Amino acid sequence: MKNRIVLAAALTAAAVSTVNAASRDYISVVGSSTVYPFATVVAENFGKTTAFKTPKIESTGSGGGLKLFCAGVGVEHPDITNASRRIKSSEVEKCASNGVMDIVEVKVGYDGIVMANAKSAEQIKLTRRDVFLALAKQVPNPKGGEDLVENPYKTWKQVNAALPDMDIEVLGPPPTSGTRDAFVELAMEGGCKTFDFIKAMKKKDKKAYKGICHTIREDGAFIEAGENDNLIVQKLESNPKAIGIFGFSFLDQNSDKVQGSSVDGIAPTFEAIADGSYPVSRPLYFYVKKAHVGKIPGIQEYLAEFTSDKAWGDEGYLVDKGMIPMPNQERNQFAADVKGLNVLKLTK
């Protein structure tokens, strides 16, 4: 019996050793659905212009991608994960607990989160306060006072008399999505803190404040539409009464089908996102597992392609896909970090 146990242990160790020794001849990328189209076009260019295989890009959502990325080092784990928000300190700690110690952070540009509807419908002008009142699980009592009630609003007109008299029906991303994270932080919380008594909670009870501002209603007014933003565009076309939430690049690429709503009087345009005046915009990232560089062929060359002027520059091909480029100084800094494979140091 003892010999069998020893033999089984030896076979297990040999299997693990074989997995670690095995090689993968292509780059594996997971993560954000918003960064996905940008990473895909870089991967295609990379595959066409180098001797390396075209990287495999999967759209798993930012949270889902980071979970896969942080699961360990080795060919069975992805090399890179895309994210439409910055990595959290808790995710860095999770990575470290699984042996993923050295991570290179690359900011690639900026994106706006848009609320859009079909071109065949009336264009809507929203404020962040409207968005919060329409989509939050709990809202200030419409009768006044400083108490919160389960969201009673059924139509946009009930939220704001200037808005259309149509049911609140919003198609948006799931909790694993970086777009969802950024939306609740920038749009929902932006509207939430226009109520002074809720804003005052932030200093007294940050957890309660965040719970109110970031929790989306679950009574059917908000519909989780998955990580496929193209599918949301298709659903908006077939349902002119619905509004969808997705990244600016999808609005830009489908401007013949959908139209963006203005937020706080600012339309979601390339220029407004670039200059920071559009209130619902965020940076985009990807993260690289340094331990895989030199082990998986082509990672450094893929990074060089992504951070080249022809890709992410002011006139680069990613701009044609709807990405908002970083200012030169910021771009140069991240390009230098990529070239030197400088490791991320998060300060709490």
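The name an unreviewed UniProt entry gives the protein is PstS family phosphate ABC transporter substrate-binding protein, with Sedimenticola selenatireducens as the organism.

Where do I start with the state of the cysteines in this structure?
The term disulfide refers to a covalent linkage connecting the sulfur atoms of a pair of cysteines. This structure, assessed with the given rule, holds two disulfides. Across the disulfide, Cys70 is cross-linked to Cys95 (sulfur-sulfur distance 2.0 Å). Between Cys70 and Cys95, the S-S torsion sits near -70°, and that sign places the bridge as left-handed. Placement of the pair is Cys70 in the loop between α3 (62-69) and β3 (80-83) and Cys95 in helix α4 (residues 89-97), with a sequence separation of 25 residues. With relative accessibility at 2%, the residue Cys70 sits in the buried group. The disulfide bridge from Cys192 ends at Cys213, spanning 2.1 Å between sulfur atoms. Every disulfide takes its handedness from the sign of the S-S torsion; for Cys192 and Cys213 that torsion is -65°, giving left-handed. Of this pair, Cys192 sits in helix α7 (residues 178-192) while Cys213 sits in helix α10 (residues 206-214), placing them 21 residues apart in sequence. Taking relative accessible area as the criterion, Cys192 reaches 0% and is therefore assigned buried. What links to what in the protein: the bonded cysteines, counted in sequence order, pair as 1-2, 3-4.

Would you mind showing me how to read the packing of aromatic side chains here?
Within the structure shown, the criterion is met by six aromatic pairs. When the centroid spacing of 5.7 Å and the interplanar angle of 5° are considered together, the rings of Phe46 and Phe52 count as stacked. Classification of Phe46 by relative accessible area gives buried; the value is 0%. In this structure Phe52 comes out as partly exposed when scored by relative accessible area, which is 28%.

Where do I start with the pairing of strand β1 (residues 28-31) in this structure?
Successive residues of a regular strand alternate their side chains across the two faces of the sheet. Burial along β1 is two-sided: the face carrying Ser28 and Val30 and the face carrying Val29 and Gly31 are both buried. Examined bridge by bridge, β1 and strand β2 (residues 56-57) share two bridges and lie parallel to one another. Looking across to β2, one finds that Val29 is bridged to Ile57. Taken together, β1, helix α2 (residues 36-49) and β2 form a β-α-β motif whose crossover is right-handed. Here β1 runs beside β3; their pairing, made up of three bridges, is parallel. The residue of β3 that forms the bridge with Gly31 is Asn82.

Is there a simple way to explain the side chain of Asn254 in this structure?
Of note, Asn254 is situated in the loop between α12 (248-253) and β11 (258-260). Look at Asn254 and you get buried, because its relative accessible area is 9%. The residues touching Asn254, leaving out its near neighbours within four places in the chain, are Asn230 and Val233.

Help me out: how do you make sense of the side chain of Glu91 in this one?
The topology assignment puts Glu91 in helix α4. Of the polar contacts made by the side chain of Glu91, one reaches the side chain of Arg85; its length is 2.7 Å. Excluding its chain neighbours within four sequence positions, the residues that come into contact with Glu91 are Leu66, Cys70 and Arg85.

When you look at the packing of α7 against α10 in this model, what are you seeing that I'm missing?
Two quantities define a packed helix pair, namely the angle between the helix axes and the distance between the axes. Running from N to C, α7 and α10 cross one another at 105°; their axes reach a closest spacing of 8 Å. Classed by the angle they form, the pair α7 and α10 counts as roughly perpendicular. Counting all contacts with α7, which are made through Val184, Glu185, Met188, Glu189 and Cys192, the residues of α10 involved are Tyr209, Ile212, Cys213 and His214. Looking at the contact of α7 with α10 residue by residue, the class counts come to six nonpolar, one polar and two charged.

What is the right way to look at the domain arrangement of the protein in this model?
By a frequent convention, interface size equals the accessible area lost on bringing the separate parts together. Domain annotation for the protein reports domain 1 (28-111 + 283-340) and domain 2 (112-281). Look at where the C-alpha atoms of domain 1 and domain 2 centre, and you get two points 28 Å apart. Taken together, the 21 residues of domain 1 in the interface contact 20 residues of domain 2. For the pair domain 1 and domain 2, the summed buried surface comes to about 1400 Å²; carbon and sulfur atoms form 52% of the total. The three residues of domain 1 that bury the most area against domain 2 are Ser33, Asp111 and Ile324, which together make up 38% of that side's buried surface. The interface formed by domain 1 and domain 2 includes one salt bridge. Here domain 1 is connected to domain 2 by eight residue pairs in polar contact (both at pLDDT 80 or more).

Mind showing me how you'd approach the environment of Met201 here?
As for its placement among the helices and strands, Met201 is situated in helix α9 (residues 201-204). According to the relative accessible area criterion, Met201 is partly exposed, its value standing at 22%. Met201 sits 91 residues away from Tyr110 along the chain, and the two C-alpha atoms are 31 Å apart. If we ignore the near neighbours within four places in the chain, the residues touching Met201 are Lys206, Tyr209 and Ile212.

It is not clear to me how the pattern of salt bridges should be interpreted in this structure. Could you clarify?
Think of it this way: side chains of opposite charge can pair up when their charged atoms draw near. A complete count under the given rule lists 14 salt bridges for this structure. Residues Arg85 and Asp181 are paired through a salt bridge, measuring 2.7 Å at the closest nitrogen-oxygen approach. Of this pair, Arg85 sits in the loop between β3 and α4 while Asp181 sits in helix α7; the two residues are 96 residues apart in sequence, bridging distant segments of the chain. Judged by relative accessible area, Arg85 falls into the buried class, the value being 10%. With relative accessibility at 22%, the residue Asp181 sits in the partly exposed group. The structure contains a network of salt bridges with shared partners spanning Arg85, Glu91 and Asp181.

What counts and how
Residues numbered from 1 in each chain as written. Predicted model: local features only at pLDDT ≥ 70, side-chain atom pairs only at ≥ 80, totals over all residues. Heavy atoms only, no water. Disulfide = S-S within 2.5 Å. Helix = DSSP H or I, 4+ residues; strand = E, 2+ residues; numbered from the N terminus. Buried < 20%, exposed > 50% of the residue type's maximum accessible area, 1.4 Å probe, protein only. Phe/Tyr/Trp six-rings, centres within 6.5 Å; stacked < 30°, edge-to-face > 60°. Pairing = 2+ DSSP bridges. Right-handed = clockwise from strand over helix to strand, strands pointing away. Contact = heavy atoms within 4.5 Å. Polar contact = N/O pair within 3.5 Å; in protein donor to acceptor, adjacent residues only side chain to side chain. Axes fitted to C-alpha atoms, helices over the stretch in contact; angles between N-to-C directions. Parallel < 35°, antiparallel > 145°, perpendicular 65-115°, else oblique. Nonpolar A, V, L, I, M, F, W, Y, C, P; charged D, E, K, R; others polar. Domains from an automatic or database assignment. Buried area = accessible area lost by both parts, 1.4 Å probe. Salt bridge = Lys/Arg side-chain N within 4 Å of Asp/Glu carboxyl O.

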